[in-house]
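# Commentary on secondary and tertiary structure
One letter stands for each residue in the lines below.
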Amino acid sequence: MKPAVIPPHLTGKELLEFLVKNEALILHAKKSEIKRADAVFYRTMYVTDKGTLVDKAQVETEQVAPSKLKAALVINTTNWLDSHGDVHIPGIWRKSLADNKRKGFYLLDCHQRAFDKVIADSCEGTTKNLLWQELGFNIPGATEALIFTGIIEKDRNPFMFDQYLKGYVKEHSVGMRYIKMVTCIDDEDYPVQKENWDKYIEMVANREDAEASGYFWAVLEAQVMEGSAVLFGSNCMTPAMSLEDITDNSSKNHSRSGTDNQPDHSTEQQPQDTSKGTDYEKIANTILSF
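Keep in mind that this is a model prediction, so the values were computed, not measured. (Residues numbered from 1 in each chain as written. Predicted model: local features only at pLDDT ≥ 70, side-chain atom pairs only at ≥ 80, totals over all residues. Heavy atoms only, no water.)

With that settled, the discussion passes to the pattern of salt bridges. Summed over all chains, the structure comprises 13 salt bridges. Measuring nitrogen to oxygen at the nearest pair gives 3.0 Å for the salt bridge that ties Glu202 to Arg207. Look at Arg207 and you get partly exposed, because its relative accessible area is 27%. One continuous salt-bridge network, built from bridges that share partners, spans Asp186, Glu188, Lys194 and Asp198. (Salt bridge = Lys/Arg side-chain N within 4 Å of Asp/Glu carboxyl O. Buried < 20%, exposed > 50% of the residue type's maximum accessible area, 1.4 Å probe, protein only.)

Every buried residue belonging to helix α2 (residues 23-31) is among Glu23, Ile26, Leu27 and Lys30, and all of these are buried. Along the axis of α2, the buried residues cluster in a sector spanning 95°; they form a single face. Opposite the buried face of α2, by more than 90 degrees, sit the exposed residues Ala24 and His28. Residues of α2 that are buried sit in contact with α1 (12-21), β5 (86-88), β9 (171-185), α6 (191-200) and β10 (215-230). (Helix = DSSP H or I, 4+ residues; strand = E, 2+ residues; numbered from the N terminus. Arc of directions from axis to C-beta. Contact = heavy atoms within 4.5 Å.)

The biggest cluster of nonpolar side chains holds 41 residues, and the ones touching the most others in it are Leu19, Trp93, Leu107, Leu146, Ile152, Tyr164 and Trp217. Leave out the neighbours within four places in its chain, and Trp93 touches Asn76, His88, Thr127, Glu144, Leu146, Val174, Met176, Ala222, Gln223 and Val224. Membership of the second largest hydrophobic core comes to 12 residues, among which are Val87, Tyr200, Val204 and Ala210. (Core = buried A, V, L, I, M, F, W, Y, C linked by side-chain atoms within 4.5 Å.)

One pass over the structure, following the stated rule, counts 4 aromatic pairs. Judged by centre distance (5.2 Å) and plane angle (15°), the rings of Phe105 and Phe148 are stacked. In this pair, Phe105 sits in strand β6 (residues 105-109) while Phe148 sits in strand β8 (residues 142-153), placing the two residues 43 residues apart along the sequence. The interplanar angle of 45° and the centroid separation of 5.3 Å between the aromatic rings of Trp197 and Phe216 together place this pair among those described as tilted. Of this pair, Trp197 sits in helix α6 while Phe216 sits in strand β10; the two residues are 19 residues apart in sequence, bridging distant segments of the chain. By relative accessible area, which is 3% here, Trp197 ends up buried. A cation over a ring is seen here: Lys30 above Trp217, with NZ or CZ 4.4 Å from the ring centre. (Phe/Tyr/Trp six-rings, centres within 6.5 Å; stacked < 30°, edge-to-face > 60°. Lys NZ or Arg CZ within 6 Å of the ring centre and 35° of its normal.)

Excluding glycine, a negative phi dihedral is what most residues carry, and trans is how most peptide bonds are arranged. Its identity is not glycine, yet Asn79 carries a phi of approximately 70°, on the positive side. Tracing the backbone shows Asn79 in the loop between β4 (68-77) and β5. On the basis of relative accessible area, Asn79 is assigned to the buried category, the value being 9%. Positive phi values are uncommon outside glycine, yet Cys110 reaches one of about 55°.

Relative to strand β7 (residues 118-131), β6 runs antiparallel, the two sharing 3 bridges. What sits directly across from Phe105, in β7, is Cys123. Note that β7 and β8 share 8 bridges and pair antiparallel. Residue pairing for β8: Asn129 is matched across the bridge by Glu144. (Pairing = 2+ DSSP bridges.)

With respect to the helices and strands, the residue His172 is situated in strand β9. For His172, the side chain forms a polar contact with the side chain of Tyr164, separated by 2.8 Å. (Polar contact = N/O pair within 3.5 Å; in protein donor to acceptor, adjacent residues only side chain to side chain.)

Here we take up helix α5 (residues 158-165). Residues of α5 that are buried: Met160, Phe161, Gln163 and Tyr164. Buried residues of α5 fall within an arc of 160° about the axis and therefore sit on the same side. Just downstream of α5 lies Gly167, where phi reads positive at about 80°.

And the structure:
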């Protein structure tokens, strides 16, 4: 997806010439918008409270009416050329995550900023270096994954909770704002942009796509705005990590406290008070003595 300031009819050398002559305008335009880099792959793992993996059928059989899920979602990955023409460089989220450590991030329904579209809030944002193969992709190399960990509660958004519970949510997206980026062009006629190309092209996992277009933007720093559940994506290397049911069912296993635990003797036969009245045992012994 090219920025709106780039004429759609330009191709080849004419396009590269335009990118260089209007680089400042293009970078300003990209930094002025909120980017939504979507994911198009979703894989869920279910675990018990002891961390043991179980299949979905077992979870649905054993768990009754879940109402709270702990989710770990890969919102974005670096080193991948997405449909915006961007390659996120490792370290892109460092400052943003440090600035937002206490506040946390929203998980939204399709980037809609409304109270009824909030799926979870106060999500913790972290990064983790992972092999592509650890994310389920059979390609060499590694990436820095942006991971949101948060609690999805049924009471907050019943519809989206149900979508997650049934495994219908298969893509996620990061809402972000560009801070620092450079233009990379594979052409010796543009020495500055060619130097950028040579510096970053080795990082690109889908290098063939970058070489086919002849240019991309290396994003060095960006601000995380939010993460979202979406239908379609631009970065296909961003699976979900896990969903864990953490519904509190402990009250079902606890006996009630206080006087409710005491046995009810209201219908039991009460013992007779033999300290007063007729002593029948004494009478019987007297009769037997005759």
